[in-house]
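Chain residues, written in single-letter form:
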Amino acid sequence: MAYQDSFDIHSRGRGTTEITAQVERIARAAAVATGIAHVFVLHTSCSLVLTENADPSVRRDLETLAARWAPDADPAYQHDCEGDDDMAAHGRSIVAGVSVTVPVSNGALRLGTWQGIYLWEHRTIAHRRRVVVTIVG
Amino acid sequence: MAYQDSFDIHSRGRGTTEITAQVERIARAAAVATGIAHVFVLHTSCSLVLTENADPSVRRDLETLAARWAPDADPAYQHDCEGDDDMAAHGRSIVAGVSVTVPVSNGALRLGTWQGIYLWEHRTIAHRRRVVVTIVG
Amino acid sequence: MAYQDSFDIHSRGRGTTEITAQVERIARAAAVATGIAHVFVLHTSCSLVLTENADPSVRRDLETLAARWAPDADPAYQHDCEGDDDMAAHGRSIVAGVSVTVPVSNGALRLGTWQGIYLWEHRTIAHRRRVVVTIVG
């Protein structure tokens, strides 16, 4: 039987918020020895990613790259009803994705030493983002 | 016990086709209360993506961005045996991915209000694309 | 009950190594008739991808595209403690991802004819990479 729980993150605009601890708590509560943890965000203008958890400059540089993958205020965009960052956010959510899936071993997340799970807000203003975690074993 | 079913989409060349309803039908048929729905396409020149389901201009703008992520007819490509859009399609399938995984809650897909599941054809001519859906709970 | 196993790949620096056979062996050992195979790499500077398994020029061209998605030695990067390819590798791992999930049917991987699973090393020097495979049914 799968176990599912959810939580909200209040982003403060564009940037990353680590959510490894919240996902780990749900994985442990599931009491599933071996399986997978699926982490999903119910939105199309932010992402969930796995990336380096040691040096914060990695996440700053990801922002630099994202500005090339899907720039703000691009004159080629037709969709800009919510502002200059609207379509950029949808584009970045495609490149970086809206879910991550991690192995569960011995009842806990099995992450590499340097892997953290991050909510990456792509909109410039603060948003409430709902994250759904499902543990299947 | 997992539940699995598949269906074909006849794309009309480059562009998106919404498949949320087909995936939802399979998720409900599975009779799994809590779990995940894995949606997978058996090809390397199209994608499955989750994106905004309200304004079609979002998907047109994604096409604009994809033309930068992996342009057609790039002189740097070595692989062009099926035409100018051949390698562009493989490159886009890496950026946007070939599968999506969505939570299942109360026997149905748990998507955000604005999230739809789309087959994104990257080849310029029409193709038949097979989609496999697996529900695990 | 989920089945899990892992193996190491010794990459020889930037480039792809096919791991379909290793994942297939684990999928068969799991003796799960219907389900999903989740393949995950415990690092943030390489990727796991599904791409064309026929013409090796596809994977060479992916390298050409990746050099645009996240170039080496970009003067805008702040993070370069491990060299010119350090941040490029983290950026590429976001674009191409660190896991793939494939359907399991009749106790075996259900891949399209032209789909192979590849470890894509983004660092220029050789690394040992640990891959964890979980079969859930």
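Here we come to the environment of Ala30(C). Residue and element names in this part refer to chain C. Inspection of the secondary structure assignment puts alanine 30 in the loop between α1 (20-29) and β3 (35-41). When the C-alpha positions of alanine 30 and alanine 2 are compared, they lie 8.0 Å apart, and in sequence the two are 28 residues distant. If we skip the residues at most four places from it in the chain, alanine 30 touches Tyr3 and Ile135.

This next bit is on the interface of chain C and chain A. When the parts come together, some accessible area is lost, and that loss is often what is quoted as the size of the interface. The partner chain A presents 32 residues to the 31 residues of chain C that form the contact. Summing both partners gives a buried area of about 2500 Å² for chain C against chain A, and 64% of it is carried by carbon and sulfur. Summed over the three residues of chain C that lose the most area to chain A, namely Gln4(C), Thr44(C) and Ile94(C), the buried surface amounts to 22% of that side. Residues Asp74(C) and Arg68(A) are paired through a salt bridge, measuring 2.9 Å at the closest nitrogen-oxygen approach. Run the count over chain C and chain A and you get 13 residue pairs in polar contact (both at pLDDT 80 or more). Counting residues per element, the side of chain C that touches chain A draws most heavily on helix α3 (residues 86-96) of chain C, which supplies five residues. Residues that form the side of chain C that touches chain A fall into these classes: 18 nonpolar, eleven polar and two charged.

To continue, consider the interface of chain A and chain B. At the interface, 30 residues of chain A touch 32 residues of chain B. For the pair chain A and chain B, the summed buried surface comes to about 2500 Å²; carbon and sulfur atoms form 64% of the total. Linking chain A with chain B are one salt bridge. Elements with a minimum of two residues in the side of chain A that touches chain B: β1 (3-10), β3 (35-41), α3 (86-96) and β8 (128-136) of chain A. The element contributing the most residues to the side of chain A that touches chain B is α3(A), with five residues. Residue classes in the side of chain A that touches chain B are distributed as 17 nonpolar, eleven polar and two charged.

Attention shifts here to the sheet that holds strand β6 (residues 108-109) of chain B. Residues and elements named next belong to chain B. With respect to topology, five strands assemble into an open sheet ordered β1-β8-β3-β5-β6, the strand pairing being antiparallel. Edge positions in the sheet fall to β1 (3-10) and β6, since each of these pairs with one other strand and no more. Two strands pair when backbone bridges link them, and β1 and strand β8 (residues 128-136) are joined in this way by eight bridges, in the antiparallel orientation. Each residue of the ladder has a partner; that of aspartate 8, found in β8, is arginine 130. Seen against the sheet, helix α1 (residues 20-30) touches β1, β3 (35-41), β6 and β8 and runs at an angle of roughly 160° to β1.

Right, let's talk about the side chain of Asp61(A) for a bit. Structurally, Asp61(A) can be placed in helix α2 (residues 57-69). Buried within the structure, Asp61(A) lacks any salt-bridge partner; Arg60(A) is the closest side chain of opposite charge, at an N-O distance of 6.2 Å. Residues within four places of Asp61(A) in sequence aside, it is in contact with Ala76(C), Tyr77(C), Gln78(C), His79(C) and Met87(C).

A complete count under the given rule lists 27 salt bridges over all chains for this structure. Within this structure, Asp8(A), Arg128(A) and Arg130(A) form a network of salt bridges that share partners.

The subject of this paragraph is the pairing of strand β5 (residues 99-105) of chain A. Residues and elements named next belong to chain A. Within β5, six of the seven residues are buried, which leaves the element mostly enclosed by the surrounding structure. As defined by bridge partners, β3 adjoins β5 across six bridges and the pair is classed as antiparallel. Paired with histidine 38 across the bridge in β5 is threonine 101. The pairing of β5 with strand β6 (residues 108-109) spans two bridges and is antiparallel. Bridge pairing in β6 links valine 104 to leucine 109. Once β5 ends, the chain turns through two residues before running back antiparallel as β6, passing asparagine 106 with a positive phi of about 50°.

Before going further, it helps to examine the packing of α2(A) against α3(C). At a closest axis distance of 10 Å, the pairing of α2(A) and α3(C) adopts a crossing angle of 60°. Accordingly, the angle class assigned to the pair α2(A) and α3(C) is oblique. In the packing of α2(A) onto α3(C), the handedness of the crossing is right-handed. Across from Val58(A), Asp61(A), Leu62(A), Leu65(A) and Trp69(A) in α2(A), the residues of α3(C) making contact are Met87(C), His90(C), Gly91(C), Ile94(C) and Val95(C).

So, on to the relation of the copies chain A and chain B. The two copies are related by a screw operation: chain A maps onto chain B through 120° of rotation and 0.0 Å of translation along the axis, at an RMSD of 0.0 Å. Taken together, the turn and the small shift mark the pair as related by a three-fold rotation axis. It is Val95(A) whose C-alpha, among those of chain A, lies nearest the rotation axis, at 3.2 Å. By residue overlap, the copies meet through two different surfaces: only 13% of the interface positions of chain A are interface positions in chain B.

Moving on to the confidence of the model for chain A. Close inspection of predicted coordinates is inappropriate for parts of the model with low pLDDT. In the predicted model, chain A carries a mean pLDDT of 97, and the fraction of residues at 70 or more is 100%. Overall fold confidence (pTM) sits at 0.98, and the ipTM for the predicted complex is 0.97.

The subject of this paragraph is the sheet that holds strand β1 (residues 3-10) of chain C. Residues and elements named next belong to chain C. Taking strand neighbours across the sheet as the criterion, the five strands line up as β1-β8-β3-β5-β6 in an open arrangement whose pairing is antiparallel. What marks the edges here is a single partner per strand, and that holds for β1 and β6 (108-109). Strand direction decides the pairing type here: β3 and strand β8 (residues 128-136), joined by six bridges, are antiparallel. From the neighbouring strand, isoleucine 36 faces β8, where its bridge partner is valine 136. Seen against the sheet, α1 touches β1, β3, β6 and β8 and runs at an angle of roughly 160° to β1.

The two copies are related by a screw operation: chain C maps onto chain A through 120° of rotation and 0.0 Å of translation along the axis, at an RMSD of 0.0 Å. When the interface residues of chain C are mapped onto chain A, a mere 13% of them again fall at the interface, so the copies present different faces.

Conventions and cut-offs
Residues numbered from 1 in each chain as written. Chains lettered and ligands numbered in written order. Predicted model: local features only at pLDDT ≥ 70, side-chain atom pairs only at ≥ 80, totals over all residues. Heavy atoms only, no water. Helix = DSSP H or I, 4+ residues; strand = E, 2+ residues; numbered from the N terminus. Contact = heavy atoms within 4.5 Å. Buried area = accessible area lost by both parts, 1.4 Å probe. Salt bridge = Lys/Arg side-chain N within 4 Å of Asp/Glu carboxyl O. Polar contact = N/O pair within 3.5 Å; in protein donor to acceptor, adjacent residues only side chain to side chain. Nonpolar A, V, L, I, M, F, W, Y, C, P; charged D, E, K, R; others polar. Pairing = 2+ DSSP bridges. Axes fitted to C-alpha atoms, helices over the stretch in contact; angles between N-to-C directions. Buried < 20%, exposed > 50% of the residue type's maximum accessible area, 1.4 Å probe, protein only. Lys, Arg positive; Asp, Glu negative; His and termini not counted. Parallel < 35°, antiparallel > 145°, perpendicular 65-115°, else oblique. Left-handed = near helix turned anticlockwise from the far one by under 90°. Least-squares fit on C-alpha atoms with pLDDT ≥ 70 in both. pLDDT = per-residue confidence, 0-100.

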